[in-house]
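# Results of the structural survey
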Amino acid sequence: MKDTPTHSMNPVAETPESHVNGMTSTTTAPASALKAKSRPRKAPELQTVERRNWLIHLHYVRREFDMCKQLIREQLEETRGMCEYANYVQGLILRQEGKIQESFELFQLCNILNPSSVDNIKQMARALYLLGRHRLAVEAYLQAEDKLDKPDWELHHNLGVCYMHMKDYEGAREQLLFALEQNKHHQTFSTLAKIYLLENDIPSAINTYRAAIEYFPENSELHTTLGLLYMQLGKYQQAFEHLGTTLTFDPTNTRAILAAGSMMQLMLEFALTLCCLCDALYHIKIASCVRATRTLMWPWPSTGWLHRPFLSPHHSGTTLPCASLEKRNMLQQSAV
């Protein structure tokens, strides 16, 4: 019995052969090609200027400012201060640390490195606003507006705030109303209502806050401010409703707690005053039954007080008899 050859599913790889003039020769791949196949492909390196931008951004959004500043320092040393994003983030960090002038200088440098960037101009304008240079901030915002393709809510909101500080209330209203057309934001509503209050237009301010509450019904600050305005107008029912809404969403809101407590104290004083008034009217009704002269009568319906002398306004410290004996007897009999 002959052994039959077994065939495997995966035959052994054979060495490739080539036929030249009837001769068979074995061909092998060059060593460089084999080495290239075995070596993994390396990822392309980023440019030196932008190599750490992603890591800087990651630490910044995590608010890990110490590590972020260290990476920025290394990046600026390698690029000799020519990295726009590193300077931009460093300016943001310095502004949060309260170093407004230093951050403004860095944003100026970013604008020099990239004059076409609108964000750099907006950050320069923001720094100018924080420095109190509102007119220069307006000029910077207008310059940024010229480079925009579509309206920007934030830009027009900040323009309105700058005009408000410049006491140009009409220009501020125009910018804020235009900003509300682009985006309904509670800060824009609050700033617009504040301008109405500066113009002593309380009804318009109330209407603005009511419109804001329709879009932001759970905003405690809007409800608190509206409640205080209603208190100022004497509409305590509406005021108490909005203050109660504030305390529902924010039970620790100190402004709402103090306002509600003040209103409750005012209502208590009103109730006490009403009780005293009713008591006074009761005594006046009793006193009206007396037929004697009321100018000599003491406020208390007691006969004992009628025997007391009184001080004359023209003779300080001198006691005079209350009245003649006949009139005094008449008052005693009437009181009884």
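In the annotation of an unreviewed UniProt entry, the chain is listed under the name Bardet-Biedl syndrome 4 and assigned to Petrolisthes manimaculis. UniProt's Sequence similarities (unreviewed entry) comment on the chain is quoted here verbatim: "Belongs to the BBS4 family."

### Observations concerning the packing of helix α4 (residues 84-96) against helix α6 (residues 118-130)
Interaxial distance between α4 and α6 falls to 12 Å at its minimum, and their mutual angle equals 20°. With respect to each other, α4 and α6 are oriented roughly parallel. Every pair of crossing elements has a handedness; the one defined by α4 and α6 is left-handed. On α6, the residues touching E84, Y88, L92 and R95 of α4 are D119, N120, Q123, R126 and L130. Grouping the amino acids of the contact of α4 with α6 by side-chain chemistry returns three nonpolar, two polar and four charged.

### So, the UniProt feature "repeat: TPR" (unreviewed entry) in the chain
In the UniProt entry, the feature "repeat: TPR" (unreviewed entry) is given for residues 186-219 and 220-253. Structurally, residues 186-219 is divided into 79% helix and 0% strand, and its ends, taken at the C-alpha atoms, are 8 Å apart. Helix makes up 79% of residues 220-253 and strand 0%, whereas the separation of the span's terminal C-alpha atoms amounts to 8 Å.

### Concerning the nonpolar core
The nonpolar side chains of soluble globular proteins are, as a tendency, buried together. If you look at the biggest cluster of nonpolar residues, it comprises 61 residues, and the most contacted ones within it are I56, Y60, C68, I72, V89, I93 and L243. The leading source of residues in this core is α6, at seven residues. Setting aside chain neighbours within four positions, we find L243 in contact with T224, G227, M231, A256, A259, A260 and M263.

### Quick word on the packing of helix α7 (residues 134-146) against helix α8 (residues 153-165)
Their axes nearest at 9 Å, the elements α7 and α8 cross at an angle of 155°. In terms of their interaxial angle, α7 and α8 are classed as roughly antiparallel. As α7 packs across α8, the resulting crossing turns out to be left-handed. In this structure, α7 uses H134, A137, V138, Y141, L142, A144 and E145 to contact α8, whose residues at the interface are L155, H156, N158, L159, C162, Y163 and H165. Tallied by class, residues from the contact of α7 with α8 come to nine nonpolar, four polar and one charged.

### Here's the deal with helix α5 (residues 100-113)
The end-to-end C-alpha separation of α5 is 20 Å, in line with the 20 Å expected for 14 residues at 1.5 Å each. Buried within α5 we find I100, S103, F104, L106, F107, C110 and N111. One side of α5 holds all its buried residues, which, seen down the axis, span an arc of 165°. Against α4 and α6 lie the buried residues of α5.

Definitions and limits used
Residues numbered from 1 in each chain as written. Predicted model: local features only at pLDDT ≥ 70, side-chain atom pairs only at ≥ 80, totals over all residues. Heavy atoms only, no water. UniProt positions renumbered as here; feature names shortened; annotations may be inferred. Axes fitted to C-alpha atoms, helices over the stretch in contact; angles between N-to-C directions. Helix = DSSP H or I, 4+ residues; strand = E, 2+ residues; numbered from the N terminus. Parallel < 35°, antiparallel > 145°, perpendicular 65-115°, else oblique. Left-handed = near helix turned anticlockwise from the far one by under 90°. Contact = heavy atoms within 4.5 Å. Nonpolar A, V, L, I, M, F, W, Y, C, P; charged D, E, K, R; others polar. Core = buried A, V, L, I, M, F, W, Y, C linked by side-chain atoms within 4.5 Å. Buried < 20%, exposed > 50% of the residue type's maximum accessible area, 1.4 Å probe, protein only. Expected span 1.5 Å × (residues − 1). Arc of directions from axis to C-beta.

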